[in-house]
Amino acid sequence: METLKIQCIPDKMGRLAPVPQYATPGSCAMDLRAFLLEPMTLQPMERAAIPTGIAIQLPALHAGLVLARSGLATRQGLTLANGVGLIDTDYRGEILCSVVNLSSSPITVRDGDRIAQLMVMPVVQAEPMPCETLDPTERGAGGFGSTGRN
């Protein structure tokens, strides 16, 4: 098992954010929570960067993926504005979750609300190799929908 160093950053009141946790033994990502001094209300289609109060030190050749919480996105319409957030190995700043309210009603985010998930994944840094042609495949350059609907 890899180790993820987590720094809890004090807010203006001196409070520390809670350390993220996996919800169940089978969870692949840990919950990220809003770390707010006061509730934040997002109007329909409004975006905001919500602080989590934590910074992380990823293991070498690992990435942090900030993912939407499926229930929150489906039931309330609060999801990530950037689809998936990427945290590079050398980033040491606070994790901010860029969210958007896709519902037709205002959504209020409160301190401690679970707003996203953090997944830690190994990565491969591939060496770019320019070439004239690529090895052929059955699919070739077929794009969206090119493999059919079976």
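Here, every reference points to the structure presented above.
Residues numbered from 1 in each chain as written. Predicted model: local features only at pLDDT ≥ 70, side-chain atom pairs only at ≥ 80, totals over all residues. Heavy atoms only, no water.

Peer 1: Can you lay out the overall build of the protein for me, pointing to particular residues and giving the numbers?
Peer 2: Along the backbone of the protein there are one helix and 11 strands. From first element to last, N terminus to C terminus, the protein shows the α and β order β-β-β-β-β-β-α-β-β-β-β-β. Relative to its length of 150 residues, the protein is extended, with a C-alpha radius of gyration of 19 Å against a globular reference of 15 Å. Principal axes of the C-alpha set define a box for the protein whose edges measure 60 × 40 × 30 Å. Taken across its 150 residues, the protein has 31% of its residues classed as buried. (Helix = DSSP H or I, 4+ residues; strand = E, 2+ residues; numbered from the N terminus. Rg over C-alpha atoms; globule rule 2.2 N^0.38 Å. Buried < 20%, exposed > 50% of the residue type's maximum accessible area, 1.4 Å probe, protein only.)

Peer 1: Can you break down the sheet that holds strand β2 (residues 30–33) residue by residue, with the values?
Peer 2: Strand order in this open sheet of four strands is β2-β11-β6-β8, and the pairing throughout is antiparallel. Strands with a single pairing partner mark the edges of an open sheet, and in this sheet they are β2 and β8 (85–87). Averaged over neighbouring strand pairs, the angle between their axes works out to 30 degrees when direction is ignored. For β2 and strand β11 (residues 114–122), the ladder comprises four bridges, and the chain directions are antiparallel. Bridge assignment links Asp 31 to a residue of β11, and that residue is Gln 117. (Pairing = 2+ DSSP bridges. Axes fitted to C-alpha atoms, helices over the stretch in contact; angles between N-to-C directions.)

Peer 1: So what's going on with the sheet that holds strand β7 (residues 78–80)? Which residues, and what values?
Peer 2: One open sheet holds the three strands; their spatial order is β4-β9-β7, and the pairing between them is antiparallel. Sheet topology places β4 (47–51) and β7 at the edges, where each strand pairs with a single neighbour. The sheet shows a mean angle of 40 degrees between the axes of neighbouring strands, taken without regard to direction. One ladder, built from three bridges, connects β7 with strand β9 (residues 96–101); its direction is antiparallel. Across the sheet, the residue bridging to Thr 79 is Val 100, located in β9.

Peer 1: Just give me the short version of the nonpolar core, but keep the residues and values in it.
Peer 2: Among the nonpolar cores identified, the biggest contains 26 residues, and Leu 32, Ile 56, Val 66, Ile 95, Cys 97, Val 109 and Leu 118 are the most heavily contacted of them. Looking at this core, the elements that each hand over two or more residues are β2, β4, β5 (54–57), β7, β9, β10 (107–109) and β11. Sort the elements by how many residues they give to this core and β11 lands first, with three residues. When residues no more than four places from it in sequence are discounted, the contact partners of Ile 56 are Leu 4, Lys 5, Ile 6, Ile 87, Tyr 91, Arg 92, Ile 95 and Leu 118. (Core = buried A, V, L, I, M, F, W, Y, C linked by side-chain atoms within 4.5 Å. Contact = heavy atoms within 4.5 Å.)

Peer 1: Explain the pattern of salt bridges residue by residue, including any values.
Peer 2: A side chain with one charge can pair with a side chain of the opposite charge if their charged atoms come near. On inspection of all chains with the given rule, the structure shows four salt bridges. For Asp 31, the salt bridge identified is with Arg 69, shortest N-O distance 3.5 Å. Placement of Asp 31 in strand β2 and of Arg 69 in the loop between β6 (62–67) and α1 (70–76) is noted, with a sequence separation of 38 residues between them. Arg 69 gets classed as buried once you look at its relative accessible area, which sits at 17%. A salt bridge links Arg 114 to Asp 31, with the shortest nitrogen-to-oxygen separation between them at 3.3 Å. Taken together, the residues Arg 114 in strand β11 and Asp 31 in strand β2 connect sequence positions 83 residues apart. With a relative accessible area of 10%, Asp 31 lands in the buried category. Each of Asp 11, Arg 15 and Asp 111 takes part in a single network of salt bridges with overlapping partners. (Salt bridge = Lys/Arg side-chain N within 4 Å of Asp/Glu carboxyl O.)

Peer 1: Go over unusual backbone geometry with me, naming the residues and quoting the values.
Peer 2: For Met 45, which is not a glycine, the phi torsion comes out positive at approximately 70 degrees. Its place among the elements puts Met 45 in the loop between β3 (40–42) and β4. Judged by its relative accessible area of 53%, Met 45 falls in the exposed class. In this structure, Leu 61 is a non-glycine residue whose phi angle is positive, near 55 degrees. Within the secondary structure, Leu 61 sits in the loop between β5 and β6. When its relative accessible area of 44% is taken as the criterion, Leu 61 is described as partly exposed.

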